[in-house]
Every structure is written in structure tokens, then in C-alpha cells.
Amino acid sequence: MLRQNLATALVSAEDREGARKVLVETFNYDVNGASAQSARNALTLLARQDGDIPAAKKWIAEALEVEPENSNALMARASLKLQEGDFRAAIPDLRMVLRSAPDSVRAMLMLADAHQKDGSTSLALDNYMSVLQLEPDNTIALFQSASILAARQDYDAAIENLENVLKQDASNLQSINLLTGIYSQQGRWGEAEKLLEQLAGD
């Protein structure tokens, strides 16, 4: 724990190499212990921040070899898969995370994103709705679910979600554009024009 705290302090002081050295020492001290796993996860994050994807993958693989259900490593691997465009490959890791942490909003959002980009919009919508049960004001889930609902022409539900986004962020451009498009589809020209005027005023 002392080494972890020191590494965190070094990162805060922008001594990334010093932090990396402390974390490697922690890892070498007890390669299969909890501290080593925490060090691997921290080294993964440092590697990703530095753009060293091969190193990040190495630390992830080592963490999962020791502990196949390590949530941090699974999330990191899924994140890399999403970043690389391999959406389907990210899904099993995220499902495994949610088996051990069913209320992980971050994992739900990532899983929804993976399904949506893989073309499984029904599964994506289910996950966005699960997020909204836990966090009714989550703007990511509200907007993304609205985009799926609008594509299905379920305009009333989409409008409700978009209005909830705009209550929190009145200048959210994506939501204004989508809501304006829905109003136009419905022939609600006055409301569409009002939104555009609001945007121009901002």
C-alpha cells in the first residue's frame, strides 16, 4: 500500500518513470499477491496514457493469468477492444465484469456501446435502460437510448429522454439536433424552430 501511495504521488508530480519503477518493484515483490495485481492495473493505465498499447496488453494478460476474473483488467481489455473497433470481442469481458459487479454503470455503458456499434441495438437499448434504472439522469444513456428509439420511430420515448438531457445541459448540441429532427418528422415546426433559436441564442 505504501508503494502504491508513493506511485500515485509520483504520477501527480508528473514523475511517470519514477511511478513506473515503484510499481514494478511492487510487482516483483509478490508477483501473485493483491499488491502485484494492483500494480499491474496501475501499470496498464500508465502504459495506455503513454500510448504504449503493447505494454498495456502485456500487463492485462499477466493480471488475467493470475486472476481470470479481475474486473479492472477485464475492463481495460474490453476498452482496448472497443478502441480497436473489435466490438464483439469486448462483449464477453464486460459480461464477466457485470456478473461480479452487476451495478457497474461504467461496464453497462461500455457493453451497451459495444452492442450498439456491433449492430445489436435491442441489446444496447436494454443496457442503456439498465443504466437509467440506477442513474435516471445519466446523459449518455439518455441520449444513446433516444437515438435508438428515434430510429425505431418511438418518438415519444425518445423526446422524453432528450428533454431530460436538455434539462441538465440546455446547449447539448447532439440532443438539440436529434430533437429538432424528430420535431421536423412530426411536423412540429414551431417547436423545432424554437430549439434552433435557443441554440443560436447560446
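See the structure above.
This text gives an overview of the structure that appears in the document. (Residues numbered from 1 in each chain as written. Predicted model: local features only at pLDDT ≥ 70, side-chain atom pairs only at ≥ 80, totals over all residues. Heavy atoms only, no water.)

1. Focus: the overall build of the chain
Put simply, the test is: Helix and strand definitions here come from DSSP, where helices need a minimum of 4 consecutive H or I residues and strands a minimum of 2 consecutive E residues; each element is numbered from the N-terminal end. Note on classification: 1.4 Å probe, protein chains only; a residue is buried when its accessible area is under 20% of the maximum for its type, exposed when over 50%, partly exposed between these limits. Note on definitions: a residue-residue contact is assigned when non-hydrogen atoms from the two residues lie within 4.5 Å. Accessible areas in this description were obtained via Shrake-Rupley with a 1.4 Å probe; residue shielding takes into account the shown protein chains only.
When helices and strands are counted, the chain shows twelve helices and zero strands. Reading the helices (α) and strands (β) of the chain from amino to carboxyl end gives α-α-α-α-α-α-α-α-α-α-α-α. Taken over 202 residues, the chain has a buried fraction of 40%. When contacts within the chain are restricted to residue pairs at least 6 apart in sequence, those whose partners lie at least 24 apart make up 39%. Here the chain displays about 11100 Å² of accessible surface, and carbon together with sulfur accounts for 50% of that area.

2. Thoughts on the pattern of salt bridges
What counts is decided by this rule: Each reported salt bridge corresponds to a side-chain nitrogen of Lys or Arg within 4 Å of a carboxyl oxygen of Asp or Glu.
This structure, assessed with the given rule, holds seven salt bridges. In this structure, the salt-bridge partner of Asp118 is Arg88, at a minimum N-O distance of 3.0 Å. Here Arg88 lies in helix α6 (residues 87–100) and Asp118 lies in the loop between α7 (105–117) and α8 (121–134), a separation of 30 residues in the sequence. You can call Asp118 partly exposed: its relative accessible area is 25%. Residues joined in a network through salt bridges with shared partners are Arg40, Lys58 and Glu62.

3. Regarding helix α5 (residues 71–83)
Just so we agree on the cut-off: Expected helix span is taken as 1.5 Å per residue step, with the number of steps being one fewer than the number of residues. N or O atoms closer than or at 3.5 Å make up a polar contact, with two conditions inside protein: a donor-capable atom paired with an acceptor-capable one, and, for residues adjacent in sequence, both atoms drawn from side chains.
Here α5 contains 13 residues, and its C-alpha end-to-end distance of 18 Å stays within 8% of the 18 Å for a straight helix at 1.5 Å per residue. The opening residue of α5 is Asn70, an N-cap whose side-chain oxygen sits 3.2 Å from the backbone nitrogen of Asn72.

4. Overview of the packing of α8 against helix α9 (residues 139–151)
Helix packing geometry: the angle between the two helix axes and the distance between the axes. Which entries qualify depends on this criterion: Where helices are involved, their axes are fitted lines through C-alpha atoms of the stretch in contact, as for all axes, and angles between N-to-C directions lie from 0 to 180°. It is the rotation of the near helix from the far one that decides the hand of a crossing: anticlockwise by less than a right angle makes it left-handed, clockwise makes it right-handed. Charged means Asp, Glu, Lys or Arg here, nonpolar means Ala, Val, Leu, Ile, Met, Phe, Trp, Tyr, Cys or Pro, and polar covers whatever is left, Gly included.
Across the interface, α8 lies against α9 with an axial gap of 9 Å and an inter-helix angle of 145°. Classified by chirality, the crossing of α9 by α8 is left-handed. The residues of α9 that touch α8, namely those facing Thr121, Ala124, Leu125, Tyr128, Met129, Val131 and Leu132, are Ala141, Leu142, Gln144, Ser145, Ile148 and Leu149. Each residue belonging to the contact of α8 with α9 can be placed in one class, and the counts come to ten nonpolar, three polar and no charged.

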